[in-house]
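Survey of secondary and tertiary structure
Okay, here's what each chain looks like letter by letter:
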Amino acid sequence: MSDNKPQTVYRKDYQKPDYQVDEVDLDFDIHDDITHVTSVMNIHSEHDRSGNVKPLVLDGDELNLVSLKINGKTLKPEDYILDDKFLTIPNPPEKFKLEVKTDVKQKENTQLQGLYDSDGIICTKCETEGFRRITFFPDRPDVMAKYTTTIRADKEKLPVMLSNGNFKEEGELEDGRHYSKWVDPHPKPSYLFAVVAGKLDHVKDNFKTMSGKDVSLNIYCEKGKGDKCDYAMDSLKRSMKWDEEKFGREYDLDIFNIVAVSKFNSGACENKSLNVFNDALVLANPETATDANYKKIESVVGHEYFHNWTGNRVTIKQWHDLSLKEGFTVYRDQEFSSDERSRAVQRIQDVSDLRAGQFPEDAGPSAHPIRPDSYISVRNIYTGTVYEKGAEVIRMQERLLGKEKFRKGTDLYFKRHDGKAITCDDFVKAMEDANSVDLAQFKRWYSQAGTPDVTAKGKYDAKTKTYELTLSQKTPATPDQPIKKDFVIPVEVGLLDKNGKDMPLDIEGKTSKVLKLTKSTQTFKFENVEEPPVLSANRGFTAPVNMNIEYSDKEYAHLMAHDSDLFNRWDAGQQYATKNMLQMVKDIQKGKEPKPDESYIKAIGSYLKDDKLDKEFVAEAMVLPSEKYIADQMDVIDVDAIHKARGVMQKAISVELKDELLASYEKNQTLGEYSYDTESMGKRGVKNTSLAYLSKNDEPKLQKMMVNQYYSAKNMTDRDSAIRFVVNSDSPKRKEILDDFYNRYKDESLVVDKWLSMQAVAPRADTLDKVKELMNHEGFAMDNPNKVRSLIGAFSAGNPVCFHAKDGSGYEFLADQMIKLDKINPQVAAKMLTPLSRWKKLDPERQELMKKQLTRIINDPELSSNSYEVVSKSLAMAKDDKVKGFAKDGDVKGFVSGNKGTGELAHSNEKIGKISIVKQAKQKSNMADLIPRRKMGR
Ligand code: 0A1
Ligand code: ZN
């Protein structure tokens with residue numbers, strides 16, 4: 001591997017490029033095993049050459065240089081310096097044409113970065129540093145050039161050939177070959193470059209933009225899968241319209257293409273006018289995709305399309321500013337989904353994701369601000385903090401300014417920065433300038449890490465009829481940041497009366513108010529409050545904070561029953577259930593009988609009986625907080641007790657609410673053809689969650705229901721739910737149904753992924769053996785990230801009981817597999833090591849077993865630097881006593897000194913040197929939920 005001496009890249013060290021590339025003319029001559037790439041670049045110098053001429057340094061990774069010419073003259077080896085990271089030309093002219101020829105072996109590229117072969121489709125993934133695996137180039141986002149691309153290949157084998165921009169021409173060549181030429185008029189960074197060639201199916205449509213221009217829309221996929229692209233196309237057209245209406249953004253080329261491939265490291269990439277997608281986020285029909293799959297397709301298609309303005313037309317100056325494009329674009333895709341569906345349910349799902357993926361990151365030693373000050377591997381900054389918390393920071397600006405002013409700010413932003421590579425500061429400046437406001441204090445959200453704790457305490461005075469609300473904020477110390485300054489925290493509040501009705505908060509009768517907390521403690525006074533209220537705070541999750549309010553069980557139940565803010569109504573239930581289950585965990589640990597809370601169960605029962613409630617909301621509100629969420633609230637995680645407590649609670653609901661669940665199961669049947677609309681989806685959600693609870697009831701009649709639903713299901717949502725309940729049970733039909741499912745869908749690779757993952761997450765004694773057996777199954781392939789994530793990833797991140805088996809077998813299995821995968825696809829391997837790296841909150845025996853496997857991995861002499869970074873950071877935690885102190889009492893001195901070591905990793909591929917990194921890698925895992933909801937990230 002070439003990246004054998006990772007260096008820390010600091011934001012403050014930014015220097016503008018010494019050379020800019022104005023135009024790139026690329027030629028891809030694709031053959032079976034090799035692609036000859038010719039790149040002709042018009043380059044000009046950007047620095048003062050009067051003193052000395054700076055060298056031209058081009059990035060390259062695992063490249064085979066064939067030839068190099070400046071202004072038509074071939075350079076001799078002594079005219080340049082080539083090492084395994086850079087091609088350096090010491091003394092280039094001020095303005096010149098550079099021709100670089102490289103050879104790339106696409107089939108040997110199992111890393112899936114740069115040019116590679118995905119089951120016969122030749123495609124690229126360049127974000128972040130993949131372009132340097134195709135040709136030598138200043139591969140950084142602030143070098144923006146105009147690209148022309150010619151692709152040549154065998155016409156029979158690769159009939160469709162695509163690149164960025166508008167289609168220019170195509171034609172025949174000798175020997176059965178053909179060519180196709182593409183011109184992209186918009187300057188772009190190299191990470192947005194893409195090429196695709198293959199035998200592809202194709203659906204097409206068109207879109208008339210707001211100024212009347214016709215855009216041809218195409219979605220390509222593997223042969224035979226074209227009938228599964230309609231929903232992605234529909235989502236694309238709605239996204240285009242939404243962006244015009246909500247942000248005034250019009251599409252800017254004649255054509256927009258999406259290509260779905262089966263081997264892809266992440267979810268999708270927003271390459272200019274040629275988005276390349278993991279096919280799991282494109283392909284869907286009612287027989288193969290669940291409601292959750294449909295929802296994800298809509299949001300990711302939207303997300304990638306919205307990048308055309310937030311990321312592509314306006315791009316980032318350096319990778320540290322990744323949140324400028326990702327935070328804003330996640331905010332935009334969340335808003336799109338909220339407008340298309342239920343806003344409250346969207347918010348519930350987005351906040352659940354944030355709490356599951358980002359809050360633990362912010363609370364641990366890997367905490368970083370949404371704009372990180374440094375990184376070692378740029379891939380490690382694709383985090384929940386940069387994406388999801390980044391979106392929250394944009395959302396808070398919208399809440400503080402109001403929708404109209406926010407839009408004024410974004411209009412100015414696009415006008416001012418179109419075609420430029422800029423920073424997060426520029427975004428906030430546009431908001432300030434457009435609205436004459438000062439956001440200086442607000443900007444701390446960009447530079448300070450950590451989730452603030454906000455405490456709310458209310459005091460009612462019956463005599464004066466006033467209610468005083470004291471809000472205080474405290475943000476725990478994080479690495480490098482022992483002391484936090486106060487944030488600007490918008491907190492929307494409402495007050496409920498004893499009947500659950502909202503009280504008026506001002507003379508205009510408004511019942512919700514956004515309070516602005518800017519100091520460590522502030523008191524807000526409400527007058528004419530007729531009776532002691534129940535506070536509803538941080539409505540709609542106005543700010544990404546932990547709200548601490550001491551509610552009695554009665555108050556929780558009151559909010560669950562009445563809060564007009566549906567998000568808070570849901571959250572009251574989550575907090576109430578968490579409180580109850582944490583108590584149950586304690587009881588289990590003490591050998592006592594765990595006791596589920598009756599009034600919580602009653603509140604769930606009322607949801608089931610309330611026909612006026614949004615069904616999707618009910619489906620969300622019925623699901624207990626995940627095992628992971630409960631684990632995050634504990635100092636020392638007790639995996640088995642959590643699993644048991646949640647199981648006891650589920651069973652109690654299944655027994656006590658049996659009649660309500662049965663009635664709801666019947667009432668929410670969706671007859672007729674499958675339709676992906678909010679109401680039908682809500683009904684399916686309630687029906688299947690009801691069935692999930694009923695499946696926990698041992699009555700044979702109820703056990704039969706899931707088997708019946710499996711066989712009679714008319715769509716994948718119903719069949720997938722039913723089979724998962726069967727697979728998690730001891731039903732005698734288990735094997736029969738699993739075999740039936742495989743035989744029905746063995747030709748549907750994405751459905752086979754579901755089959756793999758449902759077996760991997762089953763909390764059963766024989767699961768690990770089954771997973772090992774499935775590794776040799778024809779439906780599994782180690783070189784396909786979707787397969788690996790579905791089987792190994794689902795087991796290690798989605799099956800806490802089996803992964804954390806006391807004998808360490810789960811840890812050993814993951815280590816064995818990741819040592820193998822690391823040689824094939826280090827990027828995916830490094831990500832999948834996360835569950836093993838999270839040893840700190842487990843009991844001492846498990847900690848030792850996990851560290852033993854991490855040590856085994858780090859001793860692999862050929863370990864990639866990607867995996868090395870994750871493992872070394874995790875093991876370094878063991879060496880720093882102060883780090884332990886941090887988790888307990890907020891002592892951060894250890895971090896300050898520890899982090900000084902983040903300079904260089906003394907690491908080469910042959911030998912692993914000393915461990916000097918303290919920060920921990922991104923931690924993200926999805927524990928099995930009652931209804932599996934979360935899917936692959938972007
Ligand atoms: N920019 C893409 C997704 C993406 C994620 C990770 C990558 O490499 C580490 C590259 C691209 C998006 O947000 O859709
Ligand atoms: Zn994105």
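Anything mentioned here points back to the structure above.
Summarised in this report is the structure supplied together with it. (Residues numbered from 1 in each chain as written. Chains lettered and ligands numbered in written order. Predicted model: local features only at pLDDT ≥ 70, side-chain atom pairs only at ≥ 80, totals over all residues. Heavy atoms only, no water.)

A tally of regular secondary structure across the chain gives 30 helices and 31 strands. The globule rule puts the C-alpha radius of gyration for 938 residues at 30 Å, and the 28 Å found for the chain is close to it. Seen through its principal axes, the chain has C-alpha atoms that stretch 90 × 65 × 60 Å. Going through the 938 residues of the chain one by one, you find that 62% of them count as buried. Here the contacts in the chain between residues at least 6 apart in sequence split such that 71% fall between residues at least 24 apart. Accessible surface, the chain as shown: approximately 36,300 Å² in total, 49% of it carbon and sulfur. (Helix = DSSP H or I, 4+ residues; strand = E, 2+ residues; numbered from the N terminus. Rg over C-alpha atoms; globule rule 2.2 N^0.38 Å. Buried < 20%, exposed > 50% of the residue type's maximum accessible area, 1.4 Å probe, protein only. Contact = heavy atoms within 4.5 Å. Areas by Shrake-Rupley, 256 points an atom, 1.4 Å probe, with all protein chains shown as cover.)

Bringing the nonpolar core into the picture now. Membership of the largest hydrophobic core comes to 210 residues, with the highest contact counts inside it found for Phe427, Phe526, Leu535, Tyr600, Ile792 and Leu836. With 9 residues, helix H10 (residues 566-589) is the single largest residue contributor to this core. With residues up to four places along the chain from it excluded, the contact list for isoleucine 792 reads Met775, Phe780, Met782, Phe813, Leu814, Gln817, Met818 and Met832. (Core = buried A, V, L, I, M, F, W, Y, C linked by side-chain atoms within 4.5 Å.)

Pairing in this open sheet of 3 strands is antiparallel, and the strands run S28-S27-S30 from one edge to the other. Either end of the sheet is taken by a strand with one partner, and the two such strands are strand S28 (513-517) and strand S30 (534-537). Each strand axis lies, on average, 35° off the axis of its neighbour in the sheet, ignoring direction. Strand direction decides the pairing type here: strand S27 (residues 489-496) and S30, joined by 4 bridges, are antiparallel. Paired with valine 493 across the two strands is alanine 537, which belongs to S30. (Pairing = 2+ DSSP bridges. Axes fitted to C-alpha atoms, helices over the stretch in contact; angles between N-to-C directions.)

What follows covers the site of ligand 1. Close to ligand 1 lie 15 residues; Glu127, Glu270, Glu304, Glu326 and Tyr387 are nearest. About the coverage of ligand 1: the protein hides 97% of its 360 Å² of free accessible area. Elements with a minimum of two residues in the shell around ligand 1: strand S20 (268-269), helix H2 (291-306) and helix H3 (322-340). Classifying every residue of the shell around ligand 1 by side-chain character gives 4 nonpolar, 4 polar and 7 charged. (Near = heavy atom within 4 Å. Nonpolar A, V, L, I, M, F, W, Y, C, P; charged D, E, K, R; others polar.)

The next thing to look at is the coordination of the zinc ion (ligand 2). Summarising the metal site, the zinc ion (ligand 2) is bound by the protein donors His303 (NE2), His307 (NE2) and Glu326 (OE), whose distances to it range over 1.9 to 2.0 Å. What the 4 donor atoms of the zinc ion (ligand 2) show is an angle range of 98 to 129° at the metal, which sorts the shape as tetrahedral. Ordering the donors of the zinc ion (ligand 2) by residue number gives the pattern H-x3-H-x18-E. Here histidine 303, found in helix H2, pairs with glutamate 326, found in helix H3; they are 23 residues apart in sequence, far enough to count as distant. Neither residue differs from the other here; histidine 303 and glutamate 326 are each classed as buried. (Donors = N, O, S within 2.8 Å, 3.2 Å for Na, K, Ca; no water. Tetrahedral: all angles 85-135°; square planar, octahedral: opposite > 155°, others 65-115°.)

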